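What follows is the residue order along each chain.
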Amino acid sequence: MANTQPSRPIILAIDGPSGVGKGTVSRALAEALGYRHIDTGAMYRAVAWKAREQGLPLDGEVAVADLASRIEMSMEHAALIVDGVDVTRAIRTPEIDHAAATVARMPRVRAVLVQRQRALGRPGGVVMEGRDIGTVVFPDADVKIYLDASPEERARRRAADPTHGGSAKALVEVATALAARDQSDQTRAASPLTIAPDAILVDTTGVPVEEVVERVLEIVRSRLSIDD
Ligand code: DC
C-alpha cells in the first residue's frame, strides 16, 4: 500500500451505485490516508430507521426532514450511533434499503442532510462516499471518483455481504432489488445518481479491492501533484 500522503488534507468524493463496494473501498482509502470516512448512505438509512422507530409515516416529508435535522448521528469505530442507539446492523436490512431509498427521494430531507454532510466534510481530510458527493455536496471536491461495476458483479458482492443478511438470500432476489434501487436512485427528481463531468470513472468489475484502492490512491497523488 502506498504511503505518500497528499500535501494538504483534501476532500475525496467517492460516488457510485449500490453494491459497487464503495464502503469497503472508502474505508480502506480513509485508513491509507489517515482521513475520516463519512458514509452518507448511512445517514439516509439512519433517518429511515428513526422514522420507522417513531412510527412516522414515510409520506410526511416535512416531518421526516425535521427528524433528519434533529437526530444525533455519530460514527464510532465503524459503528453508527443514532440518538444513543447502535444501529450499525439495524440499518442494513431489506426494509431499511427500501425505506432509505424513499427518504432519499425527498428534496427537503436531502437539503437537510447535504447541509450536515458539508459541515462534516468542510475541514477536509475526509473520504466521503455516496451518490451525489461530487455533483451536489462538494462540487469543488479535490478529487472525485465514480466507482462502477457490472450489475452481475454488484449483485454477487451484495449477496455475499454479511451486513446485508449473509448468504441465505438468492442471488436473483438481490439482483432484482438492486435493479429496482438503481432505477429509483437514477430517476428520482432530487439529485439523481449521475457522474460528475470531472469525476474519474473506475470500473471495478473483476478488480480486487486492494487494487481498486491502489488505483484511487494513484489518482489522488497524480491529481495533487498537478494541482500543487
Ligand atoms: O449507499 P446506501 O445503499 O447505503 O444508500 C442508502 C440510500 O440512500 C440509497 O437509496 C441511495 C441513497 N443515497 C443518496 O441518495 N445519496 C447519498 N449521498 C447516499 C445515499
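Above: the structure in question.
Residues numbered from 1 in each chain as written. Predicted model: local features only at pLDDT ≥ 70, side-chain atom pairs only at ≥ 80, totals over all residues. Heavy atoms only, no water.

Here the focus is the overall build of the protein chain. In terms of regular secondary structure, the protein chain is built from 9 helices and 8 strands. Taken over the C-alpha trace, the protein chain has a radius of gyration of 17 Å; the compact-globule value for 228 residues is 17 Å, and the two agree within 12%. For the protein chain, the C-alpha atoms occupy an extent of roughly 50 × 40 × 35 Å along the three principal directions. Per-residue burial over the protein chain gives 49% buried out of 228 residues. Across the protein chain, the fraction of contacts at a sequence separation of at least 24, relative to all contacts at a separation of at least 6, is 76%. Here the protein chain displays about 10,800 Å² of accessible surface, and carbon together with sulfur accounts for 54% of that area. (Helix = DSSP H or I, 4+ residues; strand = E, 2+ residues; numbered from the N terminus. Rg over C-alpha atoms; globule rule 2.2 N^0.38 Å. Buried < 20%, exposed > 50% of the residue type's maximum accessible area, 1.4 Å probe, protein only. Contact = heavy atoms within 4.5 Å. Areas by Shrake-Rupley, 256 points an atom, 1.4 Å probe, with all protein chains shown as cover.)

It is worth spelling out the environment of Val174 at this point. With respect to the helices and strands, the residue Val174 is situated in helix α8 (residues 171-187). We classify Val174 as buried; its relative accessible area is 7%. Linking Val174 and Pro208, residues 34 residues apart in sequence, is a C-alpha distance of 21 Å.

What follows is about helix α5 (residues 107-121). The terminal C-alpha atoms of α5, which comprises 15 residues, lie 20 Å apart, in line with the 21 Å expected from a rise of 1.5 Å per residue. All buried positions along α5 are accounted for by Val109, Arg110, Val112, Leu113, Val114, Gln117 and Gly121. (Expected span 1.5 Å × (residues − 1).)

Glancing now at the site of the ligand. The ligand sits among 15 residues. The nearest are Arg45, Arg110, Arg131, Asp132 and Arg188. Arg110 has a polar side-chain atom sitting 2.8 Å from an oxygen atom of the ligand. Arg131 places a side-chain nitrogen or oxygen 2.7 Å from an oxygen atom of the ligand. Considering the ligand on its own, with 450 Å² of exposed area, one finds that the protein chains cover 98% of that surface. (Near = heavy atom within 4 Å. Polar contact = N/O pair within 3.5 Å; in protein donor to acceptor, adjacent residues only side chain to side chain.)

Let us look at the environment of Thr205. Along the chain, Thr205 turns up in the loop between β8 (200-203) and α9 (209-227). Since its relative accessible area comes to 33%, Thr205 is described here as partly exposed. Look past the residues within four positions of Thr205 in its chain and what remains in contact with it is Asp148, Ala149, Ser150, Glu153 and Arg157. Among the polar contacts made by the side chain of Thr205, one reaches the main-chain amide nitrogen of Ser150 at a distance of 3.0 Å. Only 2.7 Å separates the side chain of Thr205 from the side chain of Asp203, close enough to count as a polar contact.

A few words on the sheet that holds strand β6 (residues 126-130). The strand order β2-β6-β1-β7-β8 describes an open sheet built from 5 strands, whose pairing is parallel. Where the open sheet ends on each side, the last strands, each with one partner, are β2 (36-39) and β8. Looking at each pair of strands side by side, their axes are set apart by 20° on average, direction ignored. Across 5 bridges, strand β1 (residues 11-15) lies against β6 in parallel orientation. The residue of β6 that forms the bridge with Ile14 is Glu129. Here helix α1 (residues 22-33) sits on the sheet in contact with β1, β2, β6 and β7 (143-148), set at roughly 175° to β6. (Pairing = 2+ DSSP bridges. Axes fitted to C-alpha atoms, helices over the stretch in contact; angles between N-to-C directions.)

The next subject is unusual backbone geometry. Glycine aside, residues mostly have negative phi angles, and peptide bonds mostly take the trans form. For Asp83, which is not glycine, the phi torsion reads 45° and is therefore positive. Within the secondary structure, Asp83 sits in the loop between β4 (79-82) and β5 (85-86). A positive phi is found at Ser191, a non-glycine position, where the angle reads about 45°. The topology assignment puts Ser191 in the loop between α8 and β8.

Turning to the sheet that holds β5, a few remarks are in order. Neighbouring strands of a sheet are bound in pairs by backbone hydrogen bonds; such pairs are parallel or else antiparallel. With antiparallel pairing, the 3 strands of this open sheet are ordered in space as β3-β4-β5. Both edges of this open sheet fall to β3 (73-76) and β5, since each of them pairs with a single strand only. Pairing of β3 with β4 involves 4 bridges; the strand directions are antiparallel. Considered in β4, the bridge of Met75 is made with Leu80.

These values are about where atoms sit, not about what they do.
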